[in-house]
2 protein chains.
Amino acid sequence: MFSQTVEYALRAMIYLAQSSGKPQPTEEIAKVTKVPPAYLSKVLQSMSKGGLVISQRGLHGGFRLAKKPEEVNILDIISSVDPIERIQTCPLGLKSHGVHLCPLHRRVDNAMAEVEKTLSASTLAELLAEPTDSIPLYEAGTFKPS
Amino acid sequence: MFSQTVEYALRAMIYLAQSSGKPQPTEEIAKVTKVPPAYLSKVLQSMSKGGLVISQRGLHGGFRLAKKPEEVNILDIISSVDPIERIQTCPLGLKSHGVHLCPLHRRVDNAMAEVEKTLSASTLAELLAEPTDSIPLYEAGTFKPS
């Protein structure tokens, strides 16, 4: 239901949120998130255009979050790389339906609206603060806060 | 979020539910649902394997519903052609996470679980019984129950 691009974007944002604002080189992010570097580079570019990450050049350059982890939710991330396409008008192009969706398309669109609501309710900060043995991206016991 | 295949399958099932059990030729379904006939044919085959439709050969042959409209919900249809892939184990392959998803993947999987719940709550019969000016597949005033 969610694309590979979405999965990779979420991993990258989690990694940057765990990095306390220090710019991270693409190769390092790629290694930890297990994403092919060329693919990751494109995903980071989309998120840079979307205002979620900032690219910093130079010796200690790389990518860092553009906002605080408490200001970014899961839906923001998805929307920046592969937005959920809501049903705005009749997919069959029926004129009399137009924006007055039939019961079928109304149900399908409602399901997408609910997904958006659920995903916008969790910020990066919340995901990282949750008590768990499964720290995102890391095997148990190997995560060291920087 | 949902594929073209899902959209086409839903349209075909709605059409068959509106046809009061009479077998409908693929060409006729294709015309009303505005789906390319070859594509529709594959979708109908998947739904036949999934036990949602029955193919009837002969002069007045075609496809008809295998169950009553009140026994088929939207999720059944989606599952027969392009199932929602839930997150069963850690997408990064982290051994210590395994089935104990981290907070990120738990949230994403929960969103999918909610979609499944929402879509399984509406049967074909309910969609067709709902009072509306937008009868699925038809311009206002052109639907004639068979």
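So, here is what we can say about the structure in this document. (Residues numbered from 1 in each chain as written. Chains lettered and ligands numbered in written order. Predicted model: local features only at pLDDT ≥ 70, side-chain atom pairs only at ≥ 80, totals over all residues.)

## A word on the relation of the copies chain A and chain B
For step 1, the next point in the chain: Mapping chain A onto chain B calls for a rotation angle of 180 degrees and an axial translation of 0.0 Å; the resulting RMSD is 0.0 Å. In symmetry terms, the pair is related by a two-fold rotation axis. The rotation axis passes nearest to the C-alpha of Met-1 of chain A in chain A, at a distance of 2.8 Å.
For step 2, the next point in the chain: Same-surface contact between copies: 100% of interface residues of chain A are shared with the interface of chain B. (Least-squares fit on C-alpha atoms with pLDDT ≥ 70 in both. Contact = placed C-beta atoms within 7 Å.)

## Looking at the environment of Ile-87 of chain B
All names here are of chain B.
For step 1, the next point in the chain: By secondary structure assignment, the location of Ile-87 is in the loop between helix 4 (74-81) and helix 5 (103-120).
For step 2, the next point in the chain: Considered as a pair, Ile-87 and Met-1 are 86 residues apart in the sequence and their alpha carbons are 16 Å apart.
For step 3, the next point in the chain: Beyond its immediate chain neighbours, meaning those up to four positions away, Ile-87 contacts Leu-101, His-105, Val-108 and Asp-109. (Helix = DSSP H or I, 4+ residues; strand = E, 2+ residues; numbered from the N terminus.)

## Some details on the pairing of strand 2 (residues 62-65) of chain A
Within a regular strand, side chains alternate between the sheet's two faces.
Residue and element names in this part refer to chain A.
For step 1, the next point in the chain: Of the pairings in the sheet, the one linking strand 1 (residues 53-56) to strand 2 comprises 4 bridges and is antiparallel in character. By the bridge assignment for strand 2, Ser-55 is matched with Phe-63.
For step 2, the next point in the chain: Adjacent in sequence and paired antiparallel, strand 1 and strand 2 are bridged by 5 residues, among which Gly-58 carries a positive phi angle near 105 degrees. (Pairing = 2+ DSSP bridges.)

## Section: the interface of chain A and chain B
For step 1, the next point in the chain: Across the boundary between the two partners, chain A contributes 40 residues, which contact 40 residues of chain B.
For step 2, the next point in the chain: Those elements giving two or more residues to the side of chain A that touches chain B turn out to be helix 1 (4-17) and helix 5 (103-120) of chain A.
For step 3, the next point in the chain: Tallying contributions element by element places helix 5 of chain A first for the side of chain A that touches chain B, with 11 residues.

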